[in-house]
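# Working through the structure, step by step
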Amino acid sequence: MKEKILIVEDEFIVANDLKIMLMKAGYQITGIASSVVQARKLIEAKRPDWVLLDIMLKDNLTGIDLAWELREMQLPFLYISANTNQSTLEAVKETHPYGFMVKPFRERDLLVMLDIAKYRYNEERGAFTEIPQTVENTAIEGIIGNSPLLNEVIEKIRIVAPAETSVLILGESGTGKERVAHALHDLSAHKSNAIVVVNCAALPQSLVESELFGHEKGSFTGANSQRIGKFEQAHNGTIFLDEIGELPLDSQVKLLRVLQEKEIQRLGGSSTIKINVRVIAATNRSLEKEVAEGRFRLDLYYRLNVFPIELPPLKERKEDIEALAAYFVKKYAAKSRKNVSHINPSALAQLMNYDWPGNIRELEHLIERNVLLAKTSEIEKFDLPSNTLIHLQQNNGKMKTMEEMEKEHIMTALQNCGGKVSGPGGAAELLQMQPQTLYSKMKKLGIKQGYY
C-alpha cells in the first residue's frame, strides 16, 4: 500500500471525489476533516504520512493556520484550493508546501502533483545524497569558478542530472542558464540523444503551438507541409524551454497537458504521439509574481518547479571573476589567433571592482572585445563605466529595479546603434540576443523605436 493521506476539505463532494481518486491509486485515506480542530484530532489518532489541505475551512482557522502546525510536526502537506489571489499565494509560500493544486483538476493532475510533492520531500530529506561516482568525478564543461555559491549550484546539477525530473533554472540574464541546461543534459541518461533549445520569447504568438508540437499539412493557412515540433524532435532527449515566463497563457495550458500526459498532438492531427522528454525550463522573471498577477499558471509553475536551481549574479561571486576572465582570454585568443595570454593586475582589479549588471555574458563580451583590441600579449586596461553607483540609483537616491535597469541598458544599446535593432551592428548583436527576443523585451518594457 502507498502512503496514508488525511484530506482536510470542507466541501463534502470535493473531499469524497478526492478520496475515491486516491484510493483507486492505492493510497490509504485516514479520514476527512472539515476544520482545523477535526484535522488535529485525526492527525493525533491516525498519524497520516501526508495531508491534502484546503485553505478555506469551517470555523475561524484556515488551512494556512494548520500548515504552520504541520511544519512544526514535520508532516508534509500540499494545498488544494481555488483561491489563488496574490495575498493568499504569499501566505502559502511562507508555509513552504510541497505542492499547490488549483481546483478544479483531473485525477491524473492530482496523482502527478502528489508524485512531484513526494519527490521534493525526499530531496529535502537528503534522499539523493548518494551521487553516482561517474557524475561526481565528471568535470562540468564551461562552468568556471570555485566560489561557495557556484559550488552549491554544481552540487545541485550533479544531484539532479541523473534523475528524470523537471528542473527550473532561475537567475538574471547573463548568469549562464543555458550552460547549466547543457550540463544537466550531458550528465543525464539522455546525453547520447539531442537537447533541443527553445527560446520561448522568440516564438511568434500565432506559431507557438506549431513550433512546440508541430502541424500537419493544410492545418492552417501557410502550412504547406508537415512540421515536426520541438517536443517530437527531443524524443528520448532533453528539451530546454528558455524564457518560459514569456509563453502566452493559452500555450501554457497546452504545455501543462503535454507535461502531464507525456504525449502531443500536432495541429490538424487526429492522433496522439507518445514522447519521452526530459524538461528543463529557465526564466529571469519571478514566476511567483507572474502567477500572482495572472500571467502564469500556478499549476504549470508547480509542475516545472520540482527541482529549482538558482544561479547567483556575478557580483555575488566575484571570487570567480579571475578564473572566468582567464578562461575567456584563452578562448578568444585561440579563436582570433592572437597572442594574448594574460590580464594586467591593475586591469584585473578593474574587473573585481565592477558590479556586472550584465553578469557573465557582459564579462565575456568585454574580454572578447579587448582580446581583439590588444596590441601585446597582455590586456592592460578595460573601458568600464566609472559611475556604477550613479547608474544604479535614481535621482531620489533609491536603487533602481531590475526592470528599470534592463530598460536603461537596452535604450543605451539602441542609442549606440543609432536605433538599429537587428542585423550587423544592431542592438541585438551588441546585447548578444536574438532580435525577436529584443523586440519582445522592448514591447514588455514600453520601449518604442524613436523613444530612446
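Residues numbered from 1 in each chain as written. Predicted model: local features only at pLDDT ≥ 70, side-chain atom pairs only at ≥ 80, totals over all residues. Heavy atoms only, no water.

### Description of the overall build of the protein chain
Applicable threshold: Only DSSP runs of H or I with at least four residues qualify as helices, and only runs of E with at least two residues qualify as strands; both kinds are numbered from the N terminus onward. Our radius of gyration is a C-alpha quantity, and the globule rule it is checked against amounts to 2.2 Å times the number of residues to the power 0.38. Burial classes: relative accessible area under 20% of the type maximum marks a residue as buried, over 50% as exposed, and values in between as partly exposed (1.4 Å probe, protein chains only). Residue contacts are counted whenever heavy atoms from the two residues lie within 4.5 Å of one another. Note on areas: these come from Shrake-Rupley sampling with a 1.4 Å probe, and a residue is covered only by the protein chains present in the view. Charged residues are defined narrowly, with Lys and Arg counted positive, Asp and Glu counted negative, and His plus the chain ends left uncounted. Every charge is mapped onto a representative atom, which is NZ of Lys, CZ of Arg, CG of Asp or CD of Glu.
For the protein chain, the helix and strand inventory stands at 20 helices and 14 strands. Relative to the globule expectation of 22 Å for 452 residues, the C-alpha radius of gyration of the protein chain, 25 Å, shows essentially globular dimensions. Each principal axis of the C-alpha atoms in the protein chain carries an extent, and together these give about 80 × 55 × 50 Å. The buried share of the protein chain, reckoned over its 452 residues, is 49%. Counting only contacts in the protein chain whose residues sit at least 6 apart along the sequence, the fraction spanning at least 24 positions is 70%. A total accessible area of about 22800 Å² is found for the protein chain, and carbon and sulfur atoms account for 49% of it. Each charge class in the protein chain was averaged separately, 56 positive and 59 negative side chains, and the resulting centres sit 4 Å apart.

### Notes on the packing of aromatic side chains
Note the following rule: Classification of ring pairs rests on two measures: the distance between centres of Phe, Tyr or Trp rings, Trp counted by its six-membered ring, which must be within 6.5 Å, and the angle between planes, read as stacked under 30 degrees, edge-to-face over 60 and tilted in between.
Counted by the stated rule, this structure contains 10 aromatic pairs. Here Trp 50 and Tyr 121 contribute two aromatic rings whose centre-to-centre distance is 5.6 Å and whose plane-to-plane angle is 75°, an arrangement assigned as edge-to-face. Residue Trp 50 is found in strand β3 (residues 50-53), and its partner Tyr 121 is found in helix α5 (residues 107-124); the two are separated by 71 residues along the sequence. Overall, the relative accessible area of 18% leaves Tyr 121 in the buried class. With centroids separated by 4.7 Å and ring planes inclined at 85°, the aromatic side chains of Tyr 354 and Trp 356 adopt a geometry described as edge-to-face. One aromatic cluster is present, built from ring pairs that chain together Phe 77, Tyr 79, Phe 100, Tyr 301 and Tyr 302.

### Section: the side chain of Glu 362
Under the convention used in this document: In protein, a polar contact requires one atom able to donate a hydrogen and another able to accept it; more generally it is a pair of N or O atoms within 3.5 Å, and residues adjacent in sequence count only if both atoms are side-chain atoms.
Tracing the backbone shows Glu 362 in helix α16 (residues 359-373). In this structure the side chain of Glu 362 is engaged in a polar contact, spanning 2.7 Å, whose partner is the backbone nitrogen of Gly 358.

### A word on the pattern of salt bridges
A side chain of one charge can pair with a side chain of the opposite charge when the charged atoms of the two come close. Selection criterion: Criterion for a salt bridge: a side-chain nitrogen of Lys or Arg within 4 Å of a carboxyl oxygen of Asp or Glu.
Taken as a whole, this structure holds 19 salt bridges when the rule is applied. Two residues, Arg 40 and Glu 69, come together in a salt bridge whose shortest N-O distance is 2.6 Å. Here Glu 69 lies in helix α3 (residues 63-73) and Arg 40 lies in helix α2 (residues 36-46), a separation of 29 residues in the sequence. Where Lys 331 meets Glu 364, a salt bridge forms, and the shortest distance between an N and an O atom there is 3.1 Å. Highlighted residues: Lys 331 in helix α14 (residues 321-336) and Glu 364 in helix α16, separated in sequence by 33 residues.

### With respect to empty space enclosed by the protein
Our working rule: A cavity here means a set of points on a 1 Å grid, drawn over the protein atoms and nothing else, where a 1.4 Å probe fits but cannot get out; a pocket is an open set with protein on both sides within 12 Å along at least five of seven lines, and a residue lines either one if it has an atom within 4 Å of a point. Grid points are joined across faces, edges and corners, and a volume is the space filled by probe spheres set on the points. Gly falls in the polar group here, along with every residue not listed as nonpolar (Ala, Val, Leu, Ile, Met, Phe, Trp, Tyr, Cys, Pro) or charged (Asp, Glu, Lys, Arg).
Taken as a whole and judged by the stated rule, the model has one cavity of 30 Å³ or more. Taken as a whole, the largest cavity holds about 80 Å³ of empty space. Around the largest cavity, the lining is made up of 11 residues, and of these Lys 315, Asp 355, Trp 356, Pro 357 and Met 405 lie nearest the centre. Taken together, the residues of the lining of the largest cavity sort by class into seven nonpolar, one polar and three charged.

### Quick look at the side chain of Thr 238
Examined against the element boundaries, Thr 238 turns out to sit in strand β8 (residues 238-242). In this structure the side chain of Thr 238 is engaged in a polar contact, spanning 2.7 Å, whose partner is the side chain of His 185. With sequence-adjacent residues up to four places away left out, Thr 238 is seen in contact with His 185, His 190, Ala 194, Ile 195, Val 196, Val 277, Arg 278 and Ile 280.

### Some words on the pairing of strand β7 (residues 195-199)
Within a regular strand, side chains alternate between the sheet's two faces. Counted only if it meets this: Any two strands between which DSSP finds at least two bridges are classified as paired.
Where burial is concerned, the two faces of β7 differ: the one with Val 196 and Val 198 is buried and the one with Ile 195, Val 197 and Asn 199 is not. The pairing of β7 with β8 spans five bridges and is classified as parallel. Bridged to Ile 195 within β8 is Thr 238.

### Some words on the layout of surface pockets
Counted as a void, the second largest pocket has a volume near 1100 Å³. Gly 176, Lys 177, Glu 178, Arg 179 and Arg 361 are, among the 39 residues lining the second largest pocket, the residues nearest its centre. When residues of the lining of the second largest pocket are traced back to their parent elements, those giving at least two are α7 (148-160), α8 (177-186), β7, α14, α16 and α20 (435-445). Considered class by class, the residues forming the lining of the second largest pocket number 16 nonpolar, 12 polar and 11 charged.

### Quick word on the confidence of the model for the protein chain
Rule in force here: As a per-residue measure, pLDDT tells how confident the predictor is, with possible values from 0 to 100.
Here the protein chain averages 86 in pLDDT, while 92% of its residues score no lower than 70. Confidence drops under a pLDDT of 50 for residues 128-137, and excluding neighbours within four residues, the segment shows 13 contacts in the predicted structure.

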